[in-house]
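A structural walkthrough
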Amino acid sequence: MLFLDHIWLIPLLPAVGAALMFFFGRRLQKSTVSAVCVGSVVLAFLMACGGVLQYTNWGAANGHRPYEKILYTWLGTDTGHLNYQKSDGTPASFRADAGFLLDPLSSIWLLFVTGVGMLIHIYSTGYMAHEGGYYRFFGYLNLFMFSMLTLILANNYVLMFVGWEGVGLCSYLLIGFYFHRKSASDAANKAFIVNRIGDAGFILGMFFVAWLCGSLRFIDVTGFARDHAATLMGNPIVTAATLLLFVGACGKSAQLPLYVWLPDAMEGPTPVSALIHAATMVTAGVYMVARSNALFVLSRESMLVVAIVGALTAIFAASIGLVQNDIKRVLAYSTVSQLGYMFLALGVGAFSAGVFHVFTHAFFKALLFLGAGSVIHAMSGEQDMRNMGALSEKIPVTFRTMLVATLAIAGIPILAGFFSKDEILWQAWKFSPYLWAIGFATALMTAFYMFRLMYLTFWSPSRVTSHEVEHHIHESPKSMTVPLVVLAFFSITAGWLGWPASLGGSNHFEKFLEPVFANAAEKEAPPANESGLGLTEYLLMGLSVAAAGVGWLMASRAYSNAGKGYTEPIAAAAPPVYDTLLNKYYVDEGYDYVFTGRRKLGDVRLGVMGLGEASSWFDSHVIDGAVNAAGWITRSTATFSSWWDKWIIDGIGVNGPAILARMLSYPARLFEWGLVQWYALVMTAGLVGFVFYYVYH
Amino acid sequence: MQNHILSIILFTPLVGALFLLFVPKENKDAIRWIANVFALAGLLVSLPLVPWFWDKRFEPGFKFMEGAPGNWIPSIGAGYVLGIDGISFLLIMLTTLLGWISILSSWTAIENRVKEYYIWFLFLQTGMLGVFMALDFFLFFVFWEAMLVPMYLLIGIWGGPRKLYAAIKFFLYTLAGSVLMLLGILFLYFHHHAVTGVYTFALERLYETAPRIYSDYGPYAATLLFLSFFFAFAIKVPMFPFHTWLPDAHVEAPTAGSVILAGVLLKMGTYGFIRFSLPFFPDVLTHGRVRFWVMTLSVIAIIYGALVSLMQKDMKKLVAYSSVSHLGFCTLGIFALTPLALSGSVLQQINHGISTGALFLIVGILYERRHTREISEYGGISNVMPIYATITMIMFLSSMGLPLLNGFVGEFSILQGTFMEKDIAGHPGYFWAAWAVPGVVLAAAYLLWLYQRVFFGPVTNPKNEKLHDLTPREVATFVPLLIMAFWIGLYPKPFFQILQQPVEKTISMVRGPDYLKAGATVNAAVKPAETAPQFRVTLDDRGGIPTHGAKLVKAPVAAPKKKGTN
């Protein structure tokens, strides 16, 4: 039990690598950096293999229970305090552990995340060899591995949220790796903020779960949901919880309407696109929904929403991918579209089919991105497919491995994508033929845009613009091609794990996952007329293979001879459609007008920035205005009072009478001058007056 | 030593200030050294409190009590009573830490009137610590007002271009609130006398009688009284719409002043809510519409503060408005009146002190080098100051609540504690939590956008090309904050345990002991607090004056006459 007991070391190893890079990376040699960072992931991979191996034995002996290892109480007092009331009024304790859980579901993620992660780390040592900030890049990558593994191995929603936000942060840091470019830092911000919107939904969803179940531990939640399935069915709290959790999944897994960050995320270095934005991080939403399957199946509305959003995203993104010219953007939209498939599967209740597609997709999509990286590397940084062509001879390993991946994603039989995609389409058909039709159309588009990519890059005549670039085209170093070959191997074989019963296989994959999706399996009641449906299944299988063939054929007709200035078939047929697709349905522009407010609608700014401007105006004019007005009123009252005091009270009231008295006393004062001569004069005058009076009287 | 530890912590900075009086003012370096030594001493003497408090964390009542009611001015019943519980303990540790950091960060920033600066700063430190320690309302009010003066001078003398406007606005605004509070205190004081026949300002005595005001004088009078305290604290927090003094004060204050202002001073408002408003007026909060409005203002503050923050062009103003948003979470957690939300709120206050304190230091470092805080003046700073850029990123992430850093733990507890409550002022808890959550998204938006504009891209402004990275002294100011940020993020359990007793006591004082009993069945080992029969208030171990027998004098208290003795 060595590995199982120390399962917490798996995320911790890359964390140590990241911490070393953080403190000492600047002073380390590139070779040391590679040794530490790749080494930590290789160790994590080996431990993961050991852990999963031990778990399968342990699980067989313990009734396929999840294995749980709790390190310490992270949130909460650990004394039974900080209680709250559940929605039914019974008490529950606030608590989240730093605890790790291994079950078949996390085993699968653990294996492909560490496996693909390890290959991409190795690939990066070659790809990033000439770049600045080597230690920074690997530090971030290791930090990402830590976050992703925490997300996968967490035993409760809060710790999962740690990884959830952590991968968002690493995605931000790595998209903005070339931070000198404004487009890169813009894309990084966009990724983080859009993810945060999803995270807000996740948090609220989590609270609803805690409110309902009284715990955030997966074991408790699943147990609660299964034990009370009958009473909880259709409970609005379950619907609210699952829908809000799905908002989180939409953010992380780039579903409508929160997918907008993923295509822009291609600003990051290509290994990052492969690791984070194709194989691992973006599947976190699928993981979370699959992890919460016991809750989701209790709400038909939520399941329906998941299925519809998935299907719409699948076809929507695929249609945009038809006309993109940037090789990485095509793959980005392809990723969004494939993620839509996965959610479609989850939504129709085929959880193991969705997980299976995650698993196979991780290999061929990582391979496609790494191959694209190899192409870009060969083309001296050129990403526009209009300037490529005829590379198949010059970079043969890249070409062959990418061809394998293309065949896999298009759904050509016995390659990995065939099994998983076919399973999804089959389950969708059983749920609703409309959803199947959307999925089928998407399959056709997928084959078309992938072979378009292959023709424009490898087969069509060369359209390379500069001779220098042409001369410089070379196959990538071993550190890059070996991961490609390994991934190509798995792109072929990974699907065999889920060889369906209808083709004489035994679908080990689904059996392995059975304990996780126990109640989900019950829901898909075995169809009564197995034979009749069996025929349909073969028919649908044939149809999807045919779709792949048709897509290939159409691409070959349009692009096999695409010389300089070739015309797109869609542009020739319907220019407005082409423009709409090329501009991604103008969604980014619409969001900028309505939600972010980065663009003004006429003179009016809407969205958050509009609100921000309005609030700032309100703050400085109305609220602070009121404060200043209070100050002004006080001061003017004071001014007036002092004026009043000086002129009215003191002036009229006090000095007024005094002045009046002085004025009135003036005549009287005339007699009291204090001038003796005057007195004498007056006396004399008076005397004279009296004398005259008496004399003449 | 344990008996007088609080006084020692309280007066160490003041001793430093007095000591500085005798140093000639020309000797700037000596003054700096002495001030820093005393600031560090202030932190060091508070450190023994950590293990001592840890041992007593679950004990009921206030700890490390000093003095006795009425021992200071016996004629009016004012006493020098100090004592702490988990809430004030954390705030005191935050104050001593930030005090040291602020004084250390001022070394090169302050060049004129150095002596007065440090004297006032140390004086301020004592004032703030006193507010968190005082258990006597009179003493509390003395400290509360005393700390206004040094802050006023710090802004008014060492501030920016509009320092006088900002300083006077800060002073008058806060003073207006304090005056109302003084009236409230006097009401409680005379009411206590009316009930028990004793004149006292002792807090624990007032806890026993104040809740009766609601039944004695009716809801209207009690609500008015609640508001008299509310305005004082709401202005200090500051809550929307009483917040406009904050951006001005922050923008004009020197860096260290901003750090203390955001880190500690604002917490006095929230501390006042928890220590006074909640236990004094349980009925006002549980009945009536007051709580609805307070919750509404909190939610508005969260979103509005973030929106205004988004559009700021001045870095310091941006951080100031982000404080409004963060403090909105704190008040939301307080008035949700659940143990979880209240614990989260106190923790978030500590977190805000750490993160926002660090953010002001960060802005101050750029300001010291370039003498401008305009965002548009910068760009590409991470090229020239990589260490600085890294530390900034971590503190930004902490401020926006990224898990494994401190901010998340507080925000999460507040939101969950609010969410789980069935009914808060007529609305379910999730209604309030849902309104608060957009604040989390907006926090990411304004901080990341700021980071992009200041740190990313090429260096566009030639003046920024020669900026030197952090000096060891500057790094030293961040190290304790970074350690705390990770500690609270990774292992917050000790903090939750420290807060458990005071939070439960406060909640049971507001909602009656039965509220906690309902939850106590989860863990049978937990004993609910003993309660006095007549009162819904929980008395702590010190007991209170038996008030059942005392007759209530219903006549309005003759406040003006008695005021002469005050």
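Residues numbered from 1 in each chain as written. Chains lettered and ligands numbered in written order. Predicted model: local features only at pLDDT ≥ 70, side-chain atom pairs only at ≥ 80, totals over all residues.

1. A few points about the overall build of chain B
Threshold: Secondary structure counts use DSSP, requiring at least four H or I residues in a row for a helix and at least two E residues in a row for a strand, with both numbered from the N terminus. The quantity called the radius of gyration is restricted to C-alpha atoms. Its globule counterpart is 2.2 Å times the number of residues to the power 0.38. For every residue, the other C-beta atoms within 10 Å of its own C-beta are counted; 20 or more classify it as buried, 12 or fewer as exposed, and values in between as partly exposed. C-beta atoms are placed from the backbone.
Counting secondary structure elements, chain B contains 25 helices and two strands. Taken over C-alpha atoms, the radius of gyration comes to 23 Å for chain B, in line with the 24 Å a tight globule of 566 residues would show. Dimensions of chain B, computed from C-alpha atoms along their principal axes, come out at roughly 80 × 55 × 45 Å. Counting all 566 residues of chain B, 61% fall into the buried class.

2. A closer look at the overall build of chain A
The line we're drawing: Here, residues touch in the contact sense if the C-beta positions derived from the backbone fall within 7 Å of one another.
Helices and strands together make up the secondary structure of chain A, namely 30 helices and four strands. Scaling as 2.2 N^0.38, a compact globule of 697 residues should have a C-alpha radius of gyration of about 26 Å, whereas chain A reaches 38 Å, well beyond that. With respect to the principal axes defined by its C-alpha atoms, chain A has extents near 165 × 70 × 55 Å. Classification of the 697 residues of chain A by burial places 55% in the buried group. Excluding contacts between residues fewer than 6 apart, the proportion of contacts in chain A whose partners are at least 24 apart in sequence is 79%.

3. Considering the interface of chain A and chain B
The cut-off we apply is this: Classification used: nonpolar for Ala, Val, Leu, Ile, Met, Phe, Trp, Tyr, Cys and Pro, charged for Asp, Glu, Lys and Arg, polar for all others including Gly.
Listed as interface residues are 48 residues of chain A and, on the opposing side, 51 residues of chain B. Where the side of chain A that touches chain B is concerned, the elements lending two or more residues are β1 (67-75), β2 (83-85), β3 (91-93), α6 (157-175), α7 (182-213) and α29 (607-669) of chain A. Of the residues that constitute the side of chain A that touches chain B, the class distribution is 24 nonpolar, 17 polar and seven charged.

4. Brief notes about the packing of helix α15 (residues 315-335) of chain B against helix α16 (residues 339-370) of chain B
Residue and element names in this part refer to chain B. Which entries qualify depends on this criterion: Helix axes are fitted only over the stretch in contact, all axes being lines through C-alpha atoms; the angle between N-to-C directions runs from 0 to 180 degrees. Should an angle fall under 35 degrees it is called roughly parallel, over 145 degrees roughly antiparallel, and 65 to 115 degrees roughly perpendicular, with every other angle called oblique.
With their axes 8 Å apart at the nearest point, α15 and α16 run at an angle of 175° to one another. Comparing their axes, α16 and α15 come out roughly antiparallel. Residues Met315, Lys316, Val319, Ser323, His326, Leu327, Phe329, Cys330, Gly333 and Ile334 of α15 lie in contact with α16, whose contacting residues are Ala341, Leu342, Gly344, Ser345, Gln348, Gln349, His352, Thr356, Leu359, Phe360 and Val363.

5. What about the packing of helix α4 (residues 86-105) of chain B against helix α22 (residues 472-490) of chain B?
Residue and element names in this part refer to chain B. Note the following rule: Here a crossing is taken to be left-handed if its near helix is turned anticlockwise relative to the far helix by less than a right angle, and right-handed if that turn runs clockwise.
Close contact between α4 and α22 brings their axes to 9 Å; oriented N to C, the two are set at 165°. The orientation of α4 with respect to α22, classified from their angle, is roughly antiparallel. Crossing geometry of α4 relative to α22 is assigned as left-handed. Counting all contacts with α4, which are made through Leu97, Ile101, Leu104 and Ser105, the residues of α22 involved are Arg473, Ala476, Thr477 and Pro480.

6. Some words on unusual backbone geometry
The omega torsion of the bond from Val237(B) to Pro238(B) falls at -10°, within 30 degrees of zero and hence cis. Residues Phe240(B) and Pro241(B) are joined by a peptide bond in cis, for which omega reads 0°. Look at Ser380(A): it is not a glycine, yet its phi comes out positive at around 55°. Tracing the backbone through its elements, the reader meets Ser380(A) in the loop between α17 (351-378) and α18 (396-410). Residue Arg113(B) is not a glycine yet carries a positive backbone phi of 50°. Along the chain, Arg113(B) turns up in the loop between α4 and α5 (114-133). On the neighbour-count criterion, Arg113(B) (15 C-beta atoms within 10 Å) is partly exposed.

7. Observations regarding the nonpolar core
Residue and element names in this part refer to chain A. Quick note on the threshold: Each nonpolar core reported here comprises buried Ala, Val, Leu, Ile, Met, Phe, Trp, Tyr and Cys residues connected via C-beta atoms within 7 Å.
Grouped together as the largest cluster of nonpolar side chains are 453 residues, with contacts concentrated most on Leu153, Phe207, Val209, Leu344, Phe363, Ala366 and Leu367. Counting residues per element, this core draws most heavily on α7, which supplies 20 residues. Filtering out sequence-adjacent residues up to four positions away, Leu153 remains in contact with Ile7, Ile10, Pro11, Phe100, Leu101, Leu102, Ser106 and Leu110.

8. Side note on helix α5 (residues 134-153) of chain A
Heads up, the rule is: Expected span of a helix: the number of residues minus one, times 1.5 Å.
Helix length check: α5(A), at 20 residues, gives a terminal C-alpha distance of 28 Å against a target of 28 Å (1.5 Å per residue), a fit within 8%. Within α5(A), 20 of the 20 residues are buried, leaving the element largely enclosed by the surrounding structure.

9. Concerning the environment of Val358(A)
Residue and element names in this part refer to chain A. Here Val358 shows up in helix α17. A count of 28 C-beta atoms within 10 Å places Val358 in the buried class. Excluding residues within four positions of it along the chain, Val358 makes contact with Thr283, Val286 and Met342.

10. Considerations on the environment of Glu301(A)
Mapped onto the elements, Glu301(A) comes out in helix α15 (residues 300-321). Separated by 62 residues in the primary sequence, Glu301(A) and Thr239(A) have C-alpha atoms spaced 6.9 Å apart.

11. Focus on the pairing of strand β4 (residues 96-102) of chain A
Residue and element names in this part refer to chain A. Stated precisely, the cut-off is as follows: Any two strands between which DSSP finds at least two bridges are classified as paired.
The buried fraction of β4 amounts to seven of the seven residues, a majority that puts the element mostly inside the structure. Here β4 shows two buried faces, one formed by Ala96, Ala98, Phe100 and Leu102 and the other by Asp97, Gly99 and Leu101. Two elements, β1 and β4, share seven bridges in a ladder whose sense is antiparallel. Counterpart to Lys69 in the pairing with β4 is Phe100.

12. A word on the confidence of the model for chain B
Convention followed: On a range of 0 to 100, pLDDT expresses the predictor's confidence in each residue.
Counting all residues, the mean pLDDT for chain B is 87, and 91% of those residues have values of 70 or more. For this predicted complex, the interface confidence reaches an ipTM of 0.89, while the overall pTM sits at 0.89.

13. Looking at helix α30 (residues 676-696) of chain A
For α30(A), spanning 21 residues, the distance from its first C-alpha to its last is 29 Å, which sits close to the expected 30 Å at 1.5 Å a residue. In terms of burial, α30(A) is a largely surface element, zero of the 21 residues being buried.

14. Looking at the confidence of the model for chain A
Summarising the model, chain A shows a mean pLDDT of 88, and 98% of its residues fall at 70 or more. Considering only residues more than four positions removed or in separate chains, one finds that residues 520-531 of chain A, a stretch of pLDDT under 50, has nine contacts.

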